[in-house]
Amino acid sequence: MKKILKILIAPAILAIALTPASASAMCKLSIQTLGETRVEDYNALSRSPNLEPIRLKITNDGREDCIGSIVFQRVDGDGRLTGPRNASLDYWIVDAQGLNKVLFDPTTSRQNALPIRVRANKSEIISPRLFIQRGQAGISGSYHATIEALFRERNNPTGDIRTTVRLAARVTPGVQANFTGVSRSAEGRNAASLVRLGEIEPGMQRSLGLQVRANTDVDVEVSSQNKGRLVRRSGRDGGSIGYKLDIGGSTVDLGGVSAHVLPASVRLQGQTSRIGIQVDNFENAPAGEYRDTILFRISAR
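This one's a predicted model, so the numbers in the text were calculated from it and none came from an experiment.

*Asks:* Which residues make up the packing of aromatic side chains, and what values go with them?
*Replies:* Under the counting rule described, the total for this entry stands at 2 aromatic pairs. Ring geometry for Trp-92 against Phe-131: centres 6.0 Å apart, planes inclined by 50°, an arrangement best described as tilted. Of the two residues, Trp-92 sits in strand E8 (residues 91-94) while Phe-131 sits in strand E13 (residues 129-132), which places them 39 residues apart along the sequence.

Structure representation (structure tokens):
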């Protein structure tokens, strides 16, 4: 009888010894996103990096440490932040320590795992960062993308725990402009540039350049103080000589405020539009110095 009991009990003991608790029972983990990640003022012309932390809270309610890694993956779309009128911006997810380690490139779905260990009955908050590359043209407005963050346990690679990560950016209009082919004026800060025509002759032509850098299309409003006439500065007889102006071959009406649109260009050298000046034919104009002031008001959309 004793011999029989030994045979029956031994398999039971063996069965218990060969049935360990599962990894998920020991490592009870949850992951959540702490708010939306938003770049408030993206300016393509700024030299400052566009970085915002993605705050993830990982909690382990289990009896043992959770060892694994965080990876990111695309949910839908083409891997870009999308904005008004199908505009888009490229972005990366990078390590909190700097730009040298790219954790996720959504356009190629390339991933680099971020190792993490969460102690038993503890929480960890990590902050990888959203990075939007500089120098991207984009219409002003709000841009959005949705991705997922996954905790991949080392001993349970098929049991990913995930959370949704919402990314956003607000693009602000940025524009830089200057004239090329002109002389600097010595008359003060408000008179930024001076075009010297030299000795005026009937029908003479001169040109300069309007160099613009902008992350979106720009509106150019042009107005003439003397309504398109060069006015003699001194002398009792006064006198004036008419002239014409064009931007990139498009005639400017100097009788009022003339509006023009130039396309976006975020290249370092910007985009230069030719400004042409042609003096009207005239006869017997009094000698003297003739002047006009032209105001260019440039604003990004």
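*Asks:* Explain the sheet that holds strand E9 (residues 102-105) residue by residue, including any values.
*Replies:* An order of E3-E13-E8-E9-E10 is seen for the 5 strands of this open sheet, with the pairing classed as antiparallel. Looking at the sheet topology across the chains shown, the edges are occupied by strand E3 (50-53) and strand E10 (110-111). Note that E9 and E10 share 2 bridges and pair antiparallel. Looking across to E10, one finds that Asp-105 is bridged to Arg-110.

*Asks:* Can you tell me about the sheet that holds strand E4 (residues 56-60), naming the residues and giving the values?
*Replies:* The 3 strands lie next to each other as E1-E4-E12, forming an open sheet whose pairing is antiparallel. Only two strands of the sheet have a single partner each, and these edge strands are strand E1 (29-33) and strand E12 (122-126). Here the average twist between neighbouring strands, direction ignored, is 15°.

*Asks:* Kindly report on unusual backbone geometry, identifying the contributing residues and their values.
*Replies:* Notably, Arg-85 is not glycine yet its phi reads approximately 50°, a positive angle. Assignment of secondary structure puts Arg-85 in the loop between strand E6 (81-82) and strand E7 (88-89). Looking at Arg-85, the relative accessible area reads 68%, which means it is exposed. Its identity is not glycine, yet Asn-284 carries a phi of approximately 55°, on the positive side. When its relative accessible area of 78% is taken as the criterion, Asn-284 is described as exposed.

Conventions adopted
Residues numbered from 1 in each chain as written. Predicted model: local features only at pLDDT ≥ 70, side-chain atom pairs only at ≥ 80, totals over all residues. Heavy atoms only, no water. Phe/Tyr/Trp six-rings, centres within 6.5 Å; stacked < 30°, edge-to-face > 60°. Helix = DSSP H or I, 4+ residues; strand = E, 2+ residues; numbered from the N terminus. Pairing = 2+ DSSP bridges. Axes fitted to C-alpha atoms, helices over the stretch in contact; angles between N-to-C directions. Buried < 20%, exposed > 50% of the residue type's maximum accessible area, 1.4 Å probe, protein only.

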